[in-house]
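# Working through the structure, step by step
Spelled out from the first residue to the last, the chains are:
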Amino acid sequence: MSKIISSAVIRRMPRYYRYLADLMERGIERISSNELSHIMNVTASQIRQDLNNFGGFGQQGYGYNVKELHAEIGKILGLDNTHNVIIIGAGNLGKALAGYVQFEKRGFKITALFDNDPKIVGKSVRGFTVQSIDDLRDYAKENKVDIAAFTMPKEHALKMAELVPQLGIKAIWNFANTELDLPRDVIVENVHLSDSLMQLSYKILNGE
């Protein structure tokens, strides 16, 4: 049986990946857990515990090889594979996601955009021709789709959440302002942009 890793640990892994990438760009070849803790504001003990869930990777008296650890965390996160992503909702947010080049560098390949607005369908967005929602079923039959990004209003998201799993798409990146109640075999990552702003407001108010 696979070891169950807590969601808190999983949430920290992309941070390790980002910080290690920055260290590589600065030409740093190795780093200790203590040095990494100062950079990331995470205790050295927590770093060691997190990484030990996946095998540790460090050497006593040496620390971590930055390039090797970066590569291993990439494998843990599945970034050594390519994930095909479609965007449903070609408004401002959908356009922004389609144009973000870092996604493809991380193995997330935007392959198509869909919308239900006749004024948008057929137009070019960041090199993609926006397709009609009515064509989504046929597209999913003919192409491998790993992730559907929802960037539409919540009333449309609820309807799409019923359709998408039927098409064999088992992961949803949900930017719609609603929680989706889906079967356990469908993975949903909810992104609430307003939550981040409210947390920022709190920190401003409290001088943090």
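Criteria and thresholds
- Residues numbered from 1 in each chain as written.
- Predicted model: local features only at pLDDT ≥ 70, side-chain atom pairs only at ≥ 80, totals over all residues.
- Heavy atoms only, no water.
- Helix = DSSP H or I, 4+ residues; strand = E, 2+ residues; numbered from the N terminus.
- Buried < 20%, exposed > 50% of the residue type's maximum accessible area, 1.4 Å probe, protein only.
- Contact = heavy atoms within 4.5 Å.
- Areas by Shrake-Rupley, 256 points an atom, 1.4 Å probe, with all protein chains shown as cover.
- Lys, Arg positive; Asp, Glu negative; His and termini not counted.
- Charge placed at Lys NZ, Arg CZ, Asp CG, Glu CD.
- Pairing = 2+ DSSP bridges.
- Axes fitted to C-alpha atoms, helices over the stretch in contact; angles between N-to-C directions.
- Parallel < 35°, antiparallel > 145°, perpendicular 65-115°, else oblique.
- Nonpolar A, V, L, I, M, F, W, Y, C, P; charged D, E, K, R; others polar.
- Salt bridge = Lys/Arg side-chain N within 4 Å of Asp/Glu carboxyl O.
- Patch = residues over 30% accessible without salt bridge, like charges linked within 9 Å, V, L, I, M, F, W, Y side chains within 5 Å.
- Expected span 1.5 Å × (residues − 1).

Looking now at the overall build of the chain. If you tally the helices and strands in the chain, you get nine helices and ten strands. When the backbone C-alpha atoms are referred to their principal axes, the chain occupies close to 60 × 45 × 35 Å. A buried classification covers 37% of the 208 residues belonging to the chain. In the chain, of all internal contacts separated by at least 6 residues, the share reaching a separation of at least 24 is 55%. Accessible area of the chain: about 13,100 Å², with a carbon and sulfur share of 49%. Positive and negative side-chain charges of the chain, numbering 25 and 24 respectively, have mean locations separated by a distance of 3 Å.

The sheet built from six strands is open, its strands ordered E7-E4-E3-E8-E9-E10 with parallel pairing. Only two strands of the sheet have a single partner each, and these edge strands are strand E7 (131–132) and strand E10 (187–190). As paired strands, strand E3 (residues 83–88) and strand E4 (residues 108–115) are joined by six bridges and run parallel to one another. Bridge assignment links Val 85 to a residue of E4, and that residue is Ile 110.

Here we come to the packing of helix H1 (residues 7–25) against helix H2 (residues 33–40). Where H1 meets H2, the closest approach of the two axes is 11 Å, and the angle between their N-to-C directions is 105°. With respect to their mutual orientation, H1 and H2 come out roughly perpendicular. Where H1 abuts H2, its residues Arg 15, Tyr 16, Tyr 19 and Leu 23 lie against Leu 36, Ile 39 and Met 40. Class assignment for the residues of the contact of H1 with H2 results in six nonpolar, no polar and one charged.

Let us now look at the pairing of strand E8 (residues 147–150). Of the two faces of E8, both are covered, the one formed by Ile 147 and Ala 149 as well as the one formed by Ala 148 and Phe 150. Bridge count for E3 against E8 is four bridges, and the pairing is parallel. The residue of E8 that forms the bridge with Ile 86 is Ala 148. Across three bridges, the pairing between E8 and strand E9 (residues 171–174) is parallel. The partner of Ala 148 across the bridge, within E9, is Ile 172.

Across all of its chains, the model carries five salt bridges by this definition. In this structure, Asp 22 engages Arg 26 in a salt bridge whose closest nitrogen and oxygen atoms are separated by 3.2 Å. Exposure remark for Asp 22: the relative accessible area of 35% places this residue in the partly exposed category. The closest approach of N and O atoms between Glu 72 and Lys 75, which form a salt bridge, is 4.0 Å. One end of the pair, Glu 72, and the other, Lys 75, are both in helix H4 (residues 66–76), three residues apart, so they sit about a helical turn from each other.

So, about a positive patch on the surface. On the surface, Lys 95, Lys 119, Lys 123 and Arg 126 cluster together into a patch of positive charge. The residue Lys 123 is located in the loop between E4 and strand E5 (124–125) in this model.

Attention shifts here to H1. Between the first and last C-alpha of H1 there are 29 Å, a value that for 19 residues agrees with the 27 Å anticipated at 1.5 Å per step. Here H1 has its buried residues at Val 9, Arg 12, Met 13, Tyr 16, Tyr 17, Leu 20, Ala 21 and Leu 23. In the core, the buried residues of H1 are packed alongside strand E1 (30–31), H2, helix H3 (44–52) and H4. Note on H1: the residue one or two positions beyond its end, Gly 27, has a positive phi of about 80°.

With that out of the way, let us pick up the packing of H2 against H3. Viewed as axis vectors pointing N to C, H2 and H3 meet at an angle of 110°, and their least axial separation amounts to 8 Å. Classified by the angle between their axes, H2 and H3 sit roughly perpendicular to one another. Residues Ser 33, Asn 34, Leu 36 and Ser 37 of H2 lie in contact with H3, whose contacting residues are Ala 44, Ile 47 and Arg 48. Across the contact of H2 with H3, the residue classes tally to three nonpolar, three polar and one charged.

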